[in-house]
Amino acid sequence: MNPSYFRVRIPLTDAMKRFGTWFGASELMAPTPVAFSEVVPLSCDENGQWRGLALYVYSNACWTVFEDLTGAVASTPAADWLGFSEADEFIYAGYNDAIGYGEFVHTRDANILREYLYVEDDPSANIDRGYPSDTAVEPLTTWIEVARFVDDDELACSEKGLLWILGPGK
């Protein structure tokens, strides 16, 4: 599984309601308490296919964290994320080491502080906007720095959370 998550600094219930409205998808499975070890088997059908957008959601510190198990929200432009994050602090981070892909978005107070996208095989898709001093991470120059941020982020881990499966949206 290629790690990808987003987090917003608001309570879990508010964050889930806001995301559901922003993403505009029908709910295929209501949020269900699960252990992290159960999320993939419960998110897939009998043929091993994802049943929809599978999100593993939990609170950590003052953040609500959404782990995107399916990659459905990857490559969402930072300007679109502002519709979800509003004025609250928000971070999206994800990478895929099989293809040399890294993405990072940081917003706060309805402003984009950092938008970074690195696609090793398609340099024309790369985006690098914002200043490292405005973000909570080291300077980003390749997908590896994004991977390091994701792998070292202590807020993006929980053994227990909610599994929420949505249909097609945005």
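It should be emphasised that the depicted structure is a prediction, and the values quoted were computed from it without experimental measurement.

## With respect to the packing of helix H1 (residues 12-23) against helix H3 (residues 78-85)
Put simply, H1 and H3 touch, their axes get as near as 9 Å, and they point 130° apart. Classified by the angle their axes make, H1 and H3 are oblique. Across from Ala 15, Arg 18, Phe 19 and Trp 22 in H1, the residues of H3 making contact are Asp 80, Trp 81, Gly 83, Phe 84 and Ser 85. Split by residue class, the contact of H1 with H3 holds five nonpolar, two polar and two charged.

## Remarks on H1
Along its twelve residues, H1 runs 16 Å from first to last C-alpha, staying within 8% of the 16 Å computed at 1.5 Å per residue. Of all the positions in H1, only Leu 12, Ala 15, Met 16, Arg 18, Phe 19, Trp 22 and Phe 23 are classed as buried. In an axial view of H1, the angular spread of the buried residues amounts to 165°, which keeps them on one side of the axis. Residues of H1 that are exposed and point more than 90 degrees away from the buried face comprise Thr 13, Lys 17 and Thr 21. At its buried positions, H1 is contacted by strand S1 (4-8), strand S2 (27-35), strand S3 (53-60), strand S4 (63-68), H3 and strand S9 (160-166). Following H1 by one or two positions, Gly 24 adopts a phi angle in the positive range, close to 70°.

## Focus: the environment of Leu 117
You can see Leu 117 is positioned in strand S7 (residues 111-119). In this structure, the C-alpha to C-alpha distance between Leu 117 and Tyr 101, residues 16 residues apart in sequence, is 7.6 Å. Excluding anything up to four places from it in sequence, Leu 117 contacts Tyr 101, Gly 102, Glu 103, Ala 125, Asn 126 and Ile 127.

## Some remarks on the side chain of Arg 7
Mapping Arg 7 onto the fold places it in strand S1. Among the polar contacts listed, one links the side chain of Arg 7 to the side chain of Asp 153, at a separation of 3.0 Å. Look past the residues within four positions of Arg 7 in its chain and what remains in contact with it is Trp 63, Thr 64, Val 65, Glu 89, Phe 90, Ile 91, Phe 149, Asp 153 and Leu 155.

## What to know about the sheet that holds strand S6 (residues 101-108)
Reading across the sheet, the nine strands line up as S2-S9-S3-S4-S1-S5-S6-S7-S8 and stay open at both edges, with antiparallel pairing between neighbours. A strand with exactly one partner marks an edge of an open sheet, and here the two such strands are S2 and strand S8 (127-130). Between one strand and the next, the sheet's axes are offset by a mean angle of 15°, whatever the strand orientation. The pairing of S3 with S4 spans six bridges and is classified as antiparallel. From the neighbouring strand, Asn 60 faces S4, where its bridge partner is Trp 63. Packing of helix H4 (residues 143-152) onto the sheet brings it into contact with S1, strand S5 (90-96), S6 and S7, and relative to S5 it is tilted by some 115°.

Conventions we followed
Residues numbered from 1 in each chain as written. Predicted model: local features only at pLDDT ≥ 70, side-chain atom pairs only at ≥ 80, totals over all residues. Heavy atoms only, no water. Axes fitted to C-alpha atoms, helices over the stretch in contact; angles between N-to-C directions. Helix = DSSP H or I, 4+ residues; strand = E, 2+ residues; numbered from the N terminus. Parallel < 35°, antiparallel > 145°, perpendicular 65-115°, else oblique. Contact = heavy atoms within 4.5 Å. Nonpolar A, V, L, I, M, F, W, Y, C, P; charged D, E, K, R; others polar. Expected span 1.5 Å × (residues − 1). Buried < 20%, exposed > 50% of the residue type's maximum accessible area, 1.4 Å probe, protein only. Arc of directions from axis to C-beta. Polar contact = N/O pair within 3.5 Å; in protein donor to acceptor, adjacent residues only side chain to side chain. Pairing = 2+ DSSP bridges.

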